[in-house]
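Each chain, written out:
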Amino acid sequence: MYLGVDVGSISTNLVVIDSDRNVIAKRYLMTEGRPLEAVKRGLAEIGEEVGALIDVVGAGTTGSGRYLTADFIGADIVRNEITAQAEAAISIDGDVDTIFEIGVRIQST
């Protein structure tokens, strides 16, 4: 199994996939200015869901908190978001030649 963690200023996303790229577990959490706490919470929730059923053999991080998170989880690979998006797009369709990233800012009232 493989673990991917995307830590941004607004949200933190974790996913565990198998060698066939099937999603085994995923979490979307609010970062709330505490990236490591969000990662810990996501890992705990995924651990409760799948527990001993998985053996993580590789991990990667992206997002604004990628380096901090990589050190924390012992990631094998660290990528910026556009590189991660480009690699994913090319793996899905080798003819892709342009990537657009469109962000949405959520403002609380």
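Look a little higher up for the structure.
Keep in mind it's a predicted model, so treat the numbers as computed, not measured. (Residues numbered from 1 in each chain as written. Predicted model: local features only at pLDDT ≥ 70, side-chain atom pairs only at ≥ 80, totals over all residues. Heavy atoms only, no water.)

A.B. asks: Hey, could you run me through the environment of Lys40 in this one?
C.D. replies: Its location among the elements puts Lys40 in helix 1 (residues 35-50). With 36 residues separating them along the chain, Lys40 and Gly4 place their C-alpha atoms 13 Å apart. (Helix = DSSP H or I, 4+ residues; strand = E, 2+ residues; numbered from the N terminus.)

A.B. asks: Help me understand the pairing of strand 4 (residues 58-62) in this model?
C.D. replies: Successive side chains on a regular strand alternate, one facing one side of the sheet and the next facing the other. Most of strand 4 is tucked away: 5 of the 5 residues are buried. Burial of strand 4 is two-sided: the residues Gly58, Gly60 and Thr62 facing one way and the residues Ala59 and Thr61 facing the other way are all buried. Inspection of the sheet shows strand 1 (residues 2-7) paired to strand 4 by 5 bridges, in the parallel sense. Bridging across to strand 4, Val5 finds its partner in Thr61. Pairing analysis gives 2 bridges linking strand 4 to strand 5 (residues 77-78), with the strands arranged parallel. What sits directly across from Gly60, in strand 5, is Ile77. This β-α-β element, strand 4 to helix 2 (residues 66-73) to strand 5, shows right-handed connectivity. (Buried < 20%, exposed > 50% of the residue type's maximum accessible area, 1.4 Å probe, protein only. Pairing = 2+ DSSP bridges. Right-handed = clockwise from strand over helix to strand, strands pointing away.)

Treat this as a map of the structure, not an account of what it does.
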